[in-house]
Amino acid sequence: QVQLVESGGGLEQAGGSLRLSCAASGSGFSVEALGWYRQAPGLQRELVAGITRAGYTNYTDSVKGRVTISRDSAKNTWYLQMDSLKPEDTAVYYCNAVTKSNSGAYRSSWGQGTQVTVSS
């Protein structure tokens with residue numbers, strides 16, 4: 001079973017940058033895909049960016065050109081680099097991992113979330 005821990009959130013001014021990290025721990029599985037999601041107050045959780053094991057990435061339209069998802073396989077850590085931050089980026093950011101166990105079972109796991117607040 002995978003454990004995910006996000007970090008890197010905080011308060012930033014509009015136009016600034018933040019880098020979020022999602023560290024995965026555990027054994028007996030591979031991470032097939034990882035997504036960064038966000039949830040603002042009163043809104044549904046939405047996918048911000050995702051990356052597959054093969055390295056394919058996708059982004060929601062509102063962050064294209066400002067956000068980059070990446071991974072460091074040696075550290076089992078995934079990153080979300082956010083530049084040109086906007087107040088509407090304010091939300092709790094979560095990482096979600098789709099893992100495949102050694103027995104072939106797939107599982108979805110969430111981290112605890114990290115708050116990002118962008119001031120205007």
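Keep in mind the model is a prediction, meaning the values are calculated, not measured.

Calculation notes
- Residues numbered from 1 in each chain as written.
- Predicted model: local features only at pLDDT ≥ 70, side-chain atom pairs only at ≥ 80, totals over all residues.
- Heavy atoms only, no water.
- Disulfide = S-S within 2.5 Å.
- Helix = DSSP H or I, 4+ residues; strand = E, 2+ residues; numbered from the N terminus.
- Buried < 20%, exposed > 50% of the residue type's maximum accessible area, 1.4 Å probe, protein only.
- Phe/Tyr/Trp six-rings, centres within 6.5 Å; stacked < 30°, edge-to-face > 60°.
- Lys NZ or Arg CZ within 6 Å of the ring centre and 35° of its normal.

**Student:** Looking at this structure, I do not really get the state of the cysteines. What am I missing?
**Tutor:** Cysteine pairs can be linked by a disulfide, which is a covalent bond between their two sulfur atoms. Considering all chains together, one arrives at 1 disulfide under this definition. Covalently, Cys-22 is tied to Cys-95 through a disulfide, its sulfur atoms 2.1 Å apart. Because the torsion about its S-S bond is 65 degrees, the bridge between Cys-22 and Cys-95 counts as right-handed. Placement of the pair is Cys-22 in strand β3 (residues 18-25) and Cys-95 in strand β9 (residues 91-101), with a sequence separation of 73 residues. A relative accessible area of 0% places Cys-22 in the buried class. A relative accessible area of 0% means that Cys-95 is categorised as buried.

**Student:** Sorry if this is basic, but what is going on with the packing of aromatic side chains here?
**Tutor:** Working definition: an aromatic ring pair is given by the centre-to-centre distance plus the angle between the planes. Scanning the entire structure with this criterion turns up 2 aromatic pairs. Considering the side-chain rings of Tyr-94 and Trp-110, the 6.3 Å spacing of their centres and the 90 degrees angle between planes classify their relative orientation as edge-to-face. In this pair, Tyr-94 sits in strand β9 while Trp-110 sits in strand β10 (residues 106-110), placing the two residues 16 residues apart along the sequence. An aromatic cluster is defined as three or more aromatic residues linked by ring pairs; in this entry it consists of Tyr-37, Tyr-94 and Trp-110. Across from the ring centre of Tyr-94, 3.8 Å away, lies the NZ or CZ of Arg-45, which sits over that ring. Directly above the aromatic system of Trp-110 lies the positively charged group of Arg-45, at a separation of 4.6 Å from the ring centroid.

So, to be careful, I would describe these as geometric facts and stop short of saying anything about function.
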